[in-house]
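Geometric and topological summary
For reference, the chains in residue letters:
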Protein chains: 2
Amino acid sequence: MKRITLGHGAGGTLTSDLVRQVFLHHFMNPYLEALSDSAVLPPGDGDSATSLAVTTDAFVVTPIFFPGGDIGELAVFGTVNDLAVAGARPAYLTASFIIEEGFAYADLDRVAASMARAARRAGVQVVAGDTKVVERGSCDGLFIVTSGVGRLIPGVSLSSARVLPGDCLVINGAVGQHGAAIMCARQGEDFGTSIRSDCSPLAGVLETLLVELGEGIKWLRDPTRGGLATTVVELAESAGQCVVLEEEAVPIPDDVCGACEMLGLDPLYLANEGKVLIVAAPEATPRLLALLSEAGQDQAAVVGQVATSQGMMGSWGAGAYLRTRLGGTKTLDRLTGHQMPRIC
Amino acid sequence: MKRITLGHGAGGTLTSDLVRQVFLHHFMNPYLEALSDSAVLPPGDGDSATSLAVTTDAFVVTPIFFPGGDIGELAVFGTVNDLAVAGARPAYLTASFIIEEGFAYADLDRVAASMARAARRAGVQVVAGDTKVVERGSCDGLFIVTSGVGRLIPGVSLSSARVLPGDCLVINGAVGQHGAAIMCARQGEDFGTSIRSDCSPLAGVLETLLVELGEGIKWLRDPTRGGLATTVVELAESAGQCVVLEEEAVPIPDDVCGACEMLGLDPLYLANEGKVLIVAAPEATPRLLALLSEAGQDQAAVVGQVATSQGMMGSWGAGAYLRTRLGGTKTLDRLTGHQMPRIC
């Protein structure tokens, strides 16, 4: 009998297959089929209103408190960021809590306080909630599911269909910190690193970019589960373009590299929760980098491009490729198997 | 150290305390403070649009397949019904799945198919989702969290502030079936009852009532966790009125009564998922009952009223009371402790 494996939840190939074979198959509708982080919905009948963006995420991260954040903050920022990369201004969150019998009341209070702080920082309100308690052993401590509702920023049109040869791939800072922080925290204190999650809200800076650069911004996605590499694969597939990631250009902190070497992980596949991959028109890219720098995102960098027919990669056809540090080029794949369960 | 108990999730006194002490305390805002099943949110800046209603619910029911429904159908109807009792027309759902490693792929497919059928029946689309898989033993099979977005039906103003002495309490059918079906299913096949959950969508019939009766409908709530009794207590507290439930008038099927006697349960505290408690102006009540009957809700009944100062109860002050079958009157309390964990 076919059974669900940890890989089905890892954000890579198996997750993608499961979503298509089960959920898309049954729920088929154009909003879900876009397979983006948020569904963008039309205004209602007779509304002159803006479109809505809606998203949901389940958070099962372990440990629930980790260097640089906790499950509550992660839930708020993760949901806000999914709205932000859809070009929406986050407005409202809902939060459902599934709690194991015996969970410490003080820890729940600490998580709720952290969510409230995160919500204030991100400019959203938690307007509805639900609480379920299951018997000891029926869940692992605390799971939180947040959903978000936002309103599309007027004039924004983000779409992989607008991604064209020559466009630049920009990341707003160093990658791998959230995933590395969780994996190191699981090793215990003796592991001796001080890597902190990059968990932070993106909505403010993305709204600035969208307003300032308009159509110069083509596509946004936050590289969470599956990491930057999987996000680049999704971009290439969705746009039907040849997309090249330059390994050497990707900012990865030394301590993240060190931890990855010890733990046998690839930082390009590590989850982030304060990062966004931006596809920008080449002429908009210098101003984009300047705006990111002004916003304090000082490790922002161009990490790749959509290949043109004139360049070396022109004849390679659609797909995602990695130009390695050593100068070789290889096909980039989605995360396969389960590099890291319960990272978010 | 204070710890979370099953009672904190049962929908009664402990749940209410937890929500106030932890979640309301930290997330404080007028939408959440209403403590209704859905938050009703204003249209956005410059919108001429209708208000939105937003809700969320976690479903941890066990067993996941039960007579009359399954966790997927329950999630869809539960969420749709929370929007409907807020006076909204349900439009969109999101669904997050937390799945235990080793869960049968075919069962997940069956649940998704059931959700899709339920969504079609309720006229909503599942527009966004998320899937997480946790290690064997870290959750019990499958949890589903659904959130819903609806649009307020124009002209509707439901509020406990509009509930006045003389108003009638109407239930749309027999109570206790969902809770009894789950509890009997847990006893195994030998238990020998054939009680089926009443799991069904309310949005269509409630929209008809609201459009036809307008301000004649004062307040709506679906008596899920905590049952009809807890809902009446919530009504009395929220309205600041003396509310009397007539035990003899409450339709309870014989098999539900029988199962309750064997299992030591009180049917007034059993969860429902296709029932609604309606507070109506006395002059609207005959037409309300006729409309419910036309909609096939043929066990609909007046089960109580808001006491007037002329009546026997007039001097008792605000609160919820039960006039028992034997003619006595007692204070009605919320569910205390955990009559039934994981009923939804």
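Source: prediction; values computed, not measured.

**A look at the overall build of chain A**
Counting its secondary structure elements, chain A contains 9 helices and 14 strands. For 344 residues, the compact-globule estimate of 2.2 N^0.38 gives 20 Å, and chain A sits close to it at 20 Å. With respect to the principal axes defined by its C-alpha atoms, chain A has extents near 65 × 60 × 50 Å. Contacts spanning at least 24 positions in sequence make up 81% of the contacts within chain A whose residues lie at least 6 apart. Counting only carbon and sulfur atoms, one obtains 48% of the accessible surface of chain A, whose full area is about 12,400 Å².

**What to know about the interface of chain A and chain B**
The interface of chain A with chain B comprises 78 residues on the first partner and 78 residues on the second. Together, the buried faces of chain A and chain B total about 7,100 Å²; carbon and sulfur atoms form 65% of this surface. Our enumeration of links across chain A and chain B arrives at 4 salt bridges. Arg225(A) is the partner of Asp130(B) in a salt bridge, and the nearest nitrogen-oxygen pair spans 2.8 Å. On the surface where chain A and chain B come into contact, there are 35 residue pairs in polar contact (both at pLDDT 80 or more). The set of elements that each furnish at least two residues to the side of chain A that touches chain B consists of helix H1 (13–27), helix H2 (30–33), strand S1 (39–41), strand S2 (52–59), strand S5 (88–100), helix H4 (105–122), strand S6 (125–134) and strand S7 (142–152) of chain A. In terms of residue count, the dominant contributor to the side of chain A that touches chain B is S6(A) (10 residues). Along the lines of polarity and charge, the residues of the side of chain A that touches chain B split into 42 nonpolar, 20 polar and 16 charged.

**Quick notes on the packing of aromatic side chains**
Counted by the stated rule, this structure contains 7 aromatic pairs over all chains. Seen from their ring centres, Phe23(B) and Phe27(B) are 6.1 Å apart, and the 20° between their planes marks the pair as stacked. In this pair, Phe23(B) and Phe27(B) both sit in helix H1 (residues 13–27), 4 residues apart, roughly one turn of the helix. By relative accessible area, which is 5% here, Phe23(B) ends up buried. By way of ring pairs, the aromatic residues Phe23(A), Phe27(A) and Phe97(B) are connected into one cluster.

**Some remarks on the state of the cysteines**
Residues and elements named next belong to chain A. Inspection of the entire model under this criterion finds 0 disulfides over all chains. Cys184 forms no disulfide, and the closest cysteine sulfur to it belongs to Cys260, at a distance of 8.1 Å. Given the relative accessible area of 5%, Cys184 is considered buried. Between Cys344, a cysteine without a disulfide, and Cys199, which holds the nearest cysteine sulfur, the sulfur-to-sulfur distance is 10 Å.

**Focus on empty space enclosed by the protein**
Residue and element names in this part refer to chain B. For the structure shown, the criterion picks out 4 cavities of 30 Å³ or more. The space that makes up the largest cavity amounts to roughly 110 Å³. Here the second largest cavity defines a volume of roughly 90 Å³. Taken together, 13 residues line the second largest cavity, and the ones lying closest to its centre are Gly9, Ala10, Arg225, Met340 and Ile343. Broken down by class, the residue content of the lining of the second largest cavity amounts to 8 nonpolar, 2 polar and 3 charged.

**Some remarks on helix H7 (residues 227–239) of chain B**
All names here are of chain B. The end-to-end C-alpha distance of H7 is 18 Å, a good match for the 18 Å that 13 residues give at a rise of 1.5 Å each. Where burial is concerned, most of H7 is hidden: 10 out of the 13 residues are buried. Along H7, the residues classified as buried are Gly227, Leu228, Ala229, Thr230, Thr231, Val232, Val233, Leu235, Ala236 and Ala239. In this structure, the buried side of H7 is in contact with strand S8 (168–171), strand S9 (217–221), strand S10 (242–246), strand S11 (277–280) and strand S13 (319–323). Where H7 terminates, the next one or two residues include Gly240, which has phi positive at roughly 65°.

**Observations regarding the packing of helix H3 (residues 71–84) of chain A against H4(A)**
All names here are of chain A. The interhelical angle for the contact between H3 and H4, taken along N-to-C directions, is 30°, at an axis separation of 7 Å. Considered as vectors, H3 and H4 are oriented roughly parallel to each other. Crossing of H3 against H4: the hand is right-handed. Of the residues in H4, those in contact with Ile71, Gly72, Glu73, Val76, Phe77 and Val80 of H3 are Val111, Ser114, Met115, Ala118, Ala119, Arg121 and Ala122.

**What to know about the domain arrangement of chain A**
Residues and elements named next belong to chain A. Per the domain assignment, the segments making up chain A are domain 1 (36–152) and domain 2 (160–331). Taking the mean C-alpha position of each, domain 1 and domain 2 sit 24 Å from one another. Contacts between the two partners involve 22 residues from domain 1, matched on the other side by 22 residues from domain 2. Surface buried jointly by domain 1 and domain 2 totals about 1,800 Å² across both partners, of which 63% is contributed by carbon and sulfur atoms. Where domain 1 meets domain 2, there are 2 salt bridges. Two residues, Arg221 and Asp37, come together in a salt bridge whose shortest N-O distance is 3.6 Å. Applying the counting criterion to the domain 1 and domain 2 interface returns 6 residue pairs in polar contact (both at pLDDT 80 or more). Of all elements in the fold, only H3, S5 and H4 reach the threshold of two or more residues within the side of domain 1 that touches domain 2.

**Looking at the pairing of S7(A)**
Residues and elements named next belong to chain A. Of all 11 residues in S7, 11 are buried; the element is thus mostly enclosed. Bridge count for S2 against S7 is 8 bridges, and the pairing is antiparallel. Along S7, the bridge assignment pairs Ala53 with Gly150. Note: S5 against S7, 11 bridges, orientation antiparallel. Bridge pairing in S7 places Ile99 opposite Leu142.

The rules behind these values
Residues numbered from 1 in each chain as written. Chains lettered and ligands numbered in written order. Predicted model: local features only at pLDDT ≥ 70, side-chain atom pairs only at ≥ 80, totals over all residues. Heavy atoms only, no water. Helix = DSSP H or I, 4+ residues; strand = E, 2+ residues; numbered from the N terminus. Rg over C-alpha atoms; globule rule 2.2 N^0.38 Å. Contact = heavy atoms within 4.5 Å. Areas by Shrake-Rupley, 256 points an atom, 1.4 Å probe, with all protein chains shown as cover. Buried area = accessible area lost by both parts, 1.4 Å probe. Salt bridge = Lys/Arg side-chain N within 4 Å of Asp/Glu carboxyl O. Polar contact = N/O pair within 3.5 Å; in protein donor to acceptor, adjacent residues only side chain to side chain. Nonpolar A, V, L, I, M, F, W, Y, C, P; charged D, E, K, R; others polar. Phe/Tyr/Trp six-rings, centres within 6.5 Å; stacked < 30°, edge-to-face > 60°. Buried < 20%, exposed > 50% of the residue type's maximum accessible area, 1.4 Å probe, protein only. Disulfide = S-S within 2.5 Å. 1 Å grid on protein atoms, 1.4 Å probe; cavity = no way out; pocket = protein on both sides within 12 Å on 5 of 7 lines; lining within 4 Å. Points joined across faces, edges and corners; volume = space filled by probe spheres on them. Expected span 1.5 Å × (residues − 1). Axes fitted to C-alpha atoms, helices over the stretch in contact; angles between N-to-C directions. Parallel < 35°, antiparallel > 145°, perpendicular 65-115°, else oblique. Left-handed = near helix turned anticlockwise from the far one by under 90°. Domains from an automatic or database assignment. Pairing = 2+ DSSP bridges.

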